Amino acid sequence: MNIAIDGPAGAGKSSIAKLVAKEMNFIYVDTGAMFRAMAYYFLSNGIDPQDEKAVNAVCGGIHIRIEYEDGIQHVYLNDMDVSTEIRKEEVGKNASVVAKYPVIREKLLELQRAMAAEKDVIMDGRDIGTVVLPDAEAKIFLTASSRVRAERRYKELKEKGEECDLDEIEKDIIARDEQDMNREVAPLKQAEDAVFVDTSYMAIHEVVAVIREIAESKRGGRGED
């Protein structure tokens, strides 16, 4: 069974998906981490992520894999564990930039679909229910207001000891929303058969419960076919 969760940056997709995966004994596939790994490669090698031609020229030499060690996800970029490095703010911003490029999306699409074909997976991103896994049994569009998403990110960065500005974070989030929704390739949008869930005023355990309920109802319906 496949569960697809889509939504804008900062909606809590990854945190929620990990918890649902653990409770349902599914494999969590973090597609955002894959795009972050690509962006990290370009930034680390002096390649401007805005330069599509330069990005396309080196794509063939990039290899990404996700592995789980003691239940913890590790992202490997050309056999180097970059799980920590890809979480930096600059990498996140550039992940949205490179996600626009067809060559990168095609490269990662094959890997994502292969994982979904082999296991019970829950996958989150921007276009999982619309492009990556259009036949997923359960689809959820997870969102929250830009202010709430900014406040969550602000708290997260502060806890890491990083200096940040709440208003600037919200501006970045709004800019990423615009970029993700208006890109030509696989834009962020809600699948027609996805369930809309606004987490602005929901606790994490409440969101997990809602998604589990949606997934279980779809799994039950599939069993009756």
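Predicted model, so just to flag it, every value in this text is computed and none were measured.

Side note on the packing of aromatic side chains
- Scanning the entire structure with this criterion turns up two aromatic pairs.
- Ring geometry for Tyr41 and Phe42: centres 5.9 Å apart, planes at 85°, overall edge-to-face. Comparing Tyr41 with Phe42 shows no difference in burial state: the two are buried.
- Taking 6.2 Å as the distance between ring centres and 15° as the angle between the ring planes, the aromatic pair formed by Phe141 and Phe196 counts as stacked. Here the residue Phe141 occupies a position in strand β7 (residues 138-143), and Phe196 occupies one in strand β8 (residues 195-198), the gap between them amounting to 55 residues.
- Among the residues examined, Phe141 registers a relative accessible area of 10% and is labelled buried.

A word on the sheet that holds strand β6 (residues 121-125)
- Ordered by their spatial adjacency, five strands build an open sheet running β2-β6-β1-β7-β8, and the pairing between neighbours is parallel. One side of each edge strand has no neighbouring strand; the edge strands of this open sheet are β2 (27-30) and β8. Strand-to-strand twist in this sheet, taken as the mean axis angle between neighbours without regard to direction, amounts to 20°.
- Where β7 and β8 come together, four bridges link them in parallel fashion. If you follow Thr143 over to β8, its bridge partner there is Asp198.
- Its contacts with the sheet place helix α2 (residues 31-44) against β2 and β6, and it is angled at close to 35° to β2.

Things to note about the packing of α2 against helix α4 (residues 89-98)
- Two numbers describe how α2 lies on α4: the axes approach to 8 Å, and their chain directions differ by 105°. Compared by their axis directions, α2 and α4 come out roughly perpendicular. For the pair α2 and α4, the contacting residues are Phe35, Arg36, Ala39, Tyr40, Phe42 and Leu43 in the first and Glu90, Val91, Gly92, Asn94, Ala95 and Val98 in the second.
- Of the residues that constitute the contact of α2 with α4, the class distribution is eight nonpolar, two polar and two charged.

Thoughts on the pattern of salt bridges
- Evaluation of the coordinates by the stated rule reveals 19 salt bridges.
- Among the salt bridges present, the one from Arg212 reaches Glu23, with a minimum N-O distance of 3.0 Å. You can see Arg212 sitting in helix α9 (residues 204-224) and its partner Glu23 sitting in helix α1 (residues 13-24), a full 189 residues away along the chain.
- Relative accessible area serves as the criterion here: at 46%, Glu23 is assigned to the partly exposed category.
- Of the charged contacts in the structure, one is a salt bridge between Asp172 and Lys93, with a shortest N-O distance of 3.4 Å. Note that Asp172 is positioned in helix α8 (residues 166-182) and Lys93 in helix α4, a separation of 79 residues in sequence.
- Judged by relative accessible area, Asp172 falls into the partly exposed class, the value being 27%.
- Looking at Lys93, the relative accessible area reads 38%, which means it is partly exposed.
- By sharing partners, the salt bridges in this structure join Glu23, Arg212, Glu216 and Arg219 into a single network.

Conventions and cut-offs
Residues numbered from 1 in each chain as written. Predicted model: local features only at pLDDT ≥ 70, side-chain atom pairs only at ≥ 80, totals over all residues. Heavy atoms only, no water. Phe/Tyr/Trp six-rings, centres within 6.5 Å; stacked < 30°, edge-to-face > 60°. Buried < 20%, exposed > 50% of the residue type's maximum accessible area, 1.4 Å probe, protein only. Helix = DSSP H or I, 4+ residues; strand = E, 2+ residues; numbered from the N terminus. Pairing = 2+ DSSP bridges. Axes fitted to C-alpha atoms, helices over the stretch in contact; angles between N-to-C directions. Contact = heavy atoms within 4.5 Å. Parallel < 35°, antiparallel > 145°, perpendicular 65-115°, else oblique. Nonpolar A, V, L, I, M, F, W, Y, C, P; charged D, E, K, R; others polar. Salt bridge = Lys/Arg side-chain N within 4 Å of Asp/Glu carboxyl O.

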